[in-house]
Amino acid sequence: MDKKELMRKAVMLSEKSVKNGGGPFGAIIVKDGNIVAEASNSVTIDNDPTAHAEVNAIRKATSKLGTFDLQGCDIYTSCEPCPMCLGAIYWARLDNIYYANDRKDAARIGFDDDFIYKEIALKPSERSKHMEILLPEEGIRAFQMWEHKTDKTEY
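Owing to the predicted nature of the structure, the values given are computational and were not obtained by experimental measurement.

Asks: Whenever I open this one, unusual backbone geometry confuses me. Can you help?
Replies: Of note, the phi angle at D32 is positive, near 55°, even though the residue is not glycine. Of the residues examined, D32 reaches a relative accessible area of 67% and is grouped as exposed. Positive phi, normally seen in glycine, also occurs at L135, with a value near 55°. Mapped onto the fold, L135 is located in the loop between α6 (114–121) and α7 (136–148). On the accessibility criterion, L135 (48% relative accessible area) is partly exposed.

Shown next, in the form of structure tokens:
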């Protein structure tokens, strides 16, 4: 399949999602020209605010491939990824991101994530959500354990 055919598949998943009661988003993950995973948005279906198409596709791909590292894979998504999905894509180490609609298109139909992009750039003390450091001297212990662990799996 070429890039356009793969994108059409992601778009088709977004349309199917709307018909099935989900949000208008679809995504597929491809490795070596083969579809590894496909998913759509199921936030309202699963009552899970993290169940975006991209995150659902990443979960399926990592499960199928038996790895948390999706280097060598590309994602095709019907819309420019929101900040959460973009973060997940980077953490999963996907190589390329292809999308059909951009975030301005999404904002026009009520999916405006611009406030989150702006919040990320702020210092924690300036964000609209209260953030406060508690018990750092206790919290650091797990970090110290990790730092000194010799048989850890780095990610």
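Asks: I tried to follow the side chain of T77 on my own but got confused; where do I start?
Replies: Its location among the elements puts T77 in strand β3 (residues 73–79). Apart from the residues within four sequence positions on either side, T77 is in contact with M7, A10, G26, A27, E54, Y98, Y99 and A100.

Asks: Any chance you could explain the sheet that holds strand β4 (residues 96–101) here in plain terms?
Replies: Sheet strands pair via backbone hydrogen bonds, and the direction of the pair is either parallel or antiparallel. Spatially, 4 strands are ordered β2-β1-β3-β4 in an open sheet, and the strand pairing comes out mixed. Of all strands in the sheet, those bounded by a partner on one side alone are β2 (34–40) and β4. This sheet shows a mean twist of 15° between the axes of neighbouring strands, independent of strand direction. The sheet contacts of helix α3 (residues 53–65) involve β1 (26–31), β2 and β3, and relative to β2 the element is tilted by about 140°.

Asks: Help me understand the packing of α3 against helix α4 (residues 83–92), please; the structure alone is not making it clear to me.
Replies: Where α3 contacts α4, the axes come no closer than 8 Å and their chain directions differ by 25°. As summarised for this structure, α3 and α4 are arranged roughly parallel, according to the angle between their axes. You can see that α3 and α4 cross each other, and the crossing is left-handed. Listed contacts from α4 to E54, V55 and I58 of α3 are M84, C85, A88, I89 and A92. Of the residues in the contact of α3 with α4, the class split is 7 nonpolar, no polar and 1 charged.

The rules behind each value
Residues numbered from 1 in each chain as written. Predicted model: local features only at pLDDT ≥ 70, side-chain atom pairs only at ≥ 80, totals over all residues. Heavy atoms only, no water. Buried < 20%, exposed > 50% of the residue type's maximum accessible area, 1.4 Å probe, protein only. Helix = DSSP H or I, 4+ residues; strand = E, 2+ residues; numbered from the N terminus. Contact = heavy atoms within 4.5 Å. Pairing = 2+ DSSP bridges. Axes fitted to C-alpha atoms, helices over the stretch in contact; angles between N-to-C directions. Parallel < 35°, antiparallel > 145°, perpendicular 65-115°, else oblique. Left-handed = near helix turned anticlockwise from the far one by under 90°. Nonpolar A, V, L, I, M, F, W, Y, C, P; charged D, E, K, R; others polar.

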